[in-house]
Amino acid sequence: MRYATLALAGLTLGQILLPQAVFSKTPELSQAAGTYNITGTSQIRFWVDQVGGGSINGRFTKFSGRFRIDGRSIGASSISFTLYPQSVATAEGRMEDFLRSSAVFHADAYPTVTFRSTAVRQTGDDTAVVDGMLTARGITHREQFSVRLQGLKGNAIAFNVTGNVYRSRYRMDVGTPIYLNVVKFDMDIRGVRQ
Amino acid sequence: MRKPRDNGYGIGEICLHWLMAGLVLGLVVLGFAMRRRGIDPALQFSLYQWHKSFGLIALALAGLRVFLWLAAGRVAPAPGLGVVERRASTATHLLLGFLCLVVPLAGWAVASTTTLNIPTFLFNLVVIPPLPMARSAGAEAFWSWVHATTAYTLLALAALHSAAALFHHFVRRDGVLMRMLGRRTIDPVDTPANEGSKR
Ligand code: HEM
Ligand code: HEM
């Protein structure tokens with residue numbers, strides 16, 4: 001019942017939002033233009049596959065960020081994002097402790113992981129690719145994320161963002177090869193226009 | 001189990017014994033060290049993985065020894081032992097052999113029931129599947145307890161067993177330790193070096 005209501009709500013929302021994709025389709029880019037704060041309803045999920053099947057799945061519950069959508073050129077848009085590895089959540093308390101420890105995030109010494117975009121490139125009607133510098137454990141590397149617009153309604157905008165990060169670059173490769181080097185991100189980013 | 005053999009330990013049994021003794025002692029030290037509080041978490045992770053890999057080798061060797069006992073029979077106690085000594089040594093050896101199976105099996109049960117769900121990747125080469133057991137905090141705690149208790153019991157028994165072997169060698173001056181070191185002389189009287197074996 002609850003599911004049905006949700007599905008219905010999703011459908012209506014989809015009908016309202018999706019035909020009006022921001023990029024190139026209606027609404028015009030100018031309609032989406034603005035500076036947005038990333039809200040706490042966003043979901044920052046990640047997983048690391050393990051040998052023999054299965055994976056560690058987790059998410060971060062504390063983060064902040066903002067992005068600016070340029071009204072004239074998507075390429076001029078930008079995003080900055082900070083997450084707090086102390087807030088990592090998994091199904092296992094001991095796994096969380098391990099992720100926070102000096103073996104992985106070293107959250108005491110490096111309380112934030114940051115991302116600053118350097119380039120935004122539109123790749124389709126509702127898709128784009130964002131390049132940027134990711135800093136974790138004091139190490140900075142260029143990373144790339146794929147962005148898909150999910151909807152725009154009033155001052156609220158929703159994106160799904162995915163990307164793969166090699167943890168060895170940030171000296172977080174403990175547990176390889178039992179756990180693969182690649183961390184897969186799947187994030188639902190919700191923004192509210194300022 | 002076949003009838004005990006009187007011809008002493010073969011080279012295979014001797015190698016198996018010392019390999020197993022080294023592995024068990026190393027695994028107890030490793031197991032104890034990796035469980036210490038305040039250990040570097042990355043080091044702890046790899047120690048656990050080494051422990052599981054070597055532990056499974058110990059399990060395979062323990063299985064081999066029991067198989068040899070069943071297939072070829074156990075070696076009869078050294079001549080010159082009293083009835084009580086024979087009984088005690090046989091009982092100790094059987095219990096040692098049994099514990100060498102139970103301890104790693106319980107360890108495997110820990111790895112199979114823990115909610116941490118960390119794969120067992122034997123020397124980073126082969127994935128060892130978990131035993132078909134349900135994962136839960138309760139089951140993990142139980143098997144952890146069984147594994148630790150039996151492991152330290154095995155250590156205590158091995159200490160007693162080594163003390164007996166050393167007692168025979170240094171106090172009784174008989175051939176009990178020597179026959180596990182591959183020397184065939186079981187003569188209680190010292191044989192002059194140039195005479196060699198009496199047989
Ligand atoms: C003869 C073989 C083995 C010996 C002598 C041995 C010995 C030990 C010892 C002494 C400990 C520390 C117990 C404590 O102080 O809490 C330990 C812990 C442990 N062993 Fe073994 N072990 C053996 C085989 C294995 C095997 C085959 C596995 C898994 C495949 C295994 C998995 C573990 C695990 C997961 C722990 C940590 C238990 C916990 O977190 O409470 N062990 N072992
Ligand atoms: C964890 C360590 C050890 C284990 C699990 C172990 C286990 C065993 C077992 C199962 C046997 C019987 C062999 C068979 O019938 O095939 C045996 C025999 C023997 N072990 Fe050990 N052992 C250990 C350590 C030691 C040590 C440290 C010594 C010497 C100081 C030692 C000396 C002997 C001797 C001399 C025999 C032969 C006894 C006889 O003449 O029948 N063992 N051991």
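Calculation rules
- Residues numbered from 1 in each chain as written.
- Chains lettered and ligands numbered in written order.
- Predicted model: local features only at pLDDT ≥ 70, side-chain atom pairs only at ≥ 80, totals over all residues.
- Heavy atoms only, no water.
- Donors = N, O, S within 2.8 Å, 3.2 Å for Na, K, Ca; no water.
- Tetrahedral: all angles 85-135°; square planar, octahedral: opposite > 155°, others 65-115°.
- Helix = DSSP H or I, 4+ residues; strand = E, 2+ residues; numbered from the N terminus.
- Buried < 20%, exposed > 50% of the residue type's maximum accessible area, 1.4 Å probe, protein only.
- Near = heavy atom within 4 Å.
- Polar contact = N/O pair within 3.5 Å; in protein donor to acceptor, adjacent residues only side chain to side chain.
- Contact = heavy atoms within 4.5 Å.
- Buried area = accessible area lost by both parts, 1.4 Å probe.
- Salt bridge = Lys/Arg side-chain N within 4 Å of Asp/Glu carboxyl O.
- Nonpolar A, V, L, I, M, F, W, Y, C, P; charged D, E, K, R; others polar.
- Disulfide = S-S within 2.5 Å.
- Core = buried A, V, L, I, M, F, W, Y, C linked by side-chain atoms within 4.5 Å.
- pLDDT = per-residue confidence, 0-100.
- Axes fitted to C-alpha atoms, helices over the stretch in contact; angles between N-to-C directions.
- Parallel < 35°, antiparallel > 145°, perpendicular 65-115°, else oblique.
- Left-handed = near helix turned anticlockwise from the far one by under 90°.

Quick word on the coordination of the iron atom of ligand 1
Octahedral metals with six donors have ideal donor angles of 90 or 180 degrees. Tetrahedral metals with four donors have an ideal donor angle of 109.5 degrees. Residue and element names in this part refer to chain B. Each protein donor to the iron atom of ligand 1 is listed here as His51 (NE2) and His147 (NE2); together their distances run 1.9 to 2.0 Å. Each of the 6 donor atoms bound to the iron atom of ligand 1 contributes to angles spanning 86 to 179°, and the resulting shape is octahedral. Here His147 lies in helix H4 (residues 137-172) and His51 lies in helix H2 (residues 41-72), a separation of 96 residues in the sequence. Residue class for His51 comes out buried when judged on its relative accessible area of 13%. You can call His147 buried: its relative accessible area is 18%.

Points about the site of ligand 1
Residues and elements named next belong to chain B. What surrounds ligand 1 is a group of 22 residues, the closest being Arg35, His51, Ser144, His147 and Tyr152. A distance of 3.2 Å separates an oxygen atom of ligand 1 from a polar atom in the side chain of Arg35. Contact between ligand 1 and His51: a nitrogen atom at 2.8 Å from a side-chain N or O atom of the residue. Taken together, the elements giving at least two residues each to the shell around ligand 1 come down to helix H1 (11-34), H2, helix H3 (83-113) and H4.

A look at the interface of chain B and chain A
Residue-level contacts link 15 residues of chain B with 15 residues of chain A. Overall, the association of chain B and chain A removes approximately 1200 Å² of surface from exposure, summing both partners, and the carbon and sulfur fraction of that is 71%. Among the residues chain B hides against chain A, the three largest losses belong to B:Phe45, B:Leu116 and B:Pro119. Together they make up 39% of the total. For the salt bridge of B:Glu140 with A:Arg94, the shortest nitrogen-to-oxygen distance reads 2.8 Å. If you look at where chain B meets chain A, you find 4 residue pairs in polar contact (both at pLDDT 80 or more). Examining the composition of the side of chain B that touches chain A, we find that 4 residues originate from one element, H2(B), more than from any other. Taken together, the residues that form the side of chain B that touches chain A break down as 8 nonpolar, 5 polar and 2 charged.

Some thoughts on the state of the cysteines
Residues and elements named next belong to chain B. On inspection of all chains with the given rule, the structure shows 0 disulfides over all chains. Unpaired in this structure, Cys15 has its nearest cysteine sulfur neighbour in Cys100, at a distance of 16 Å. You can call Cys15 partly exposed: its relative accessible area is 45%. Here Cys100 falls in the buried class, since its relative accessible area comes to 6%.

Re the nonpolar core
In this structure, A:Ile157 and A:Phe159 are the most contacted members of the largest nonpolar core, which totals 51 residues. Residues B:Leu16, B:Leu27, B:Val28 and B:Leu99 belong to the second largest nonpolar core, which totals 17 residues.

Digging into the environment of A:Lys153
Mapped onto the elements of the fold, A:Lys153 is located in strand E9 (residues 139-153). Distance from A:Lys153 to A:His106, taken between C-alpha atoms, is 39 Å for residues 47 residues apart in sequence.

Here's the deal with the confidence of the model for chain B
Residue and element names in this part refer to chain B. Per-chain confidence: chain B averages 91 in pLDDT, with 90% of residues scoring 70 or above. Here helix H5 (residues 176-179) is the element of chain B with the lowest mean pLDDT, 93, and strand E1 (residues 120-122) is the one with the highest, 98. Across residues 186-199, confidence stays below pLDDT 50; counting only partners more than four residues off in sequence or on other chains, it has 5 contacts. Under the prediction, the complex receives an ipTM of 0.84, its pTM being 0.88.

What about the coordination of the iron atom of ligand 2?
Residue and element names in this part refer to chain B. Looking at the iron atom of ligand 2, the protein donor atoms are His17 (NE2) and His161 (NE2), and they sit 1.9 Å from it. The site at the iron atom of ligand 2 holds 6 donor atoms, and with the angles between them running 86 to 179°, its shape is octahedral. Taken together, the positions of His17 in helix H1 and His161 in helix H4 put the pair 144 residues apart, joining distant regions of the chain. Classification of His161 as partly exposed rests on a relative accessible area of 22%.

Here we look at the packing of H3(B) against H4(B)
All names here are of chain B. Contact geometry for H3 and H4: axes closest at 8 Å, N-to-C directions at 150°. Here H3 is positioned roughly antiparallel relative to H4, judged by the angle of their axes. Of the two possible hands of crossing, H3 and H4 adopt the one that is left-handed. Taken together, the residues that form the contact of H3 with H4 break down as 16 nonpolar, 10 polar and 3 charged.

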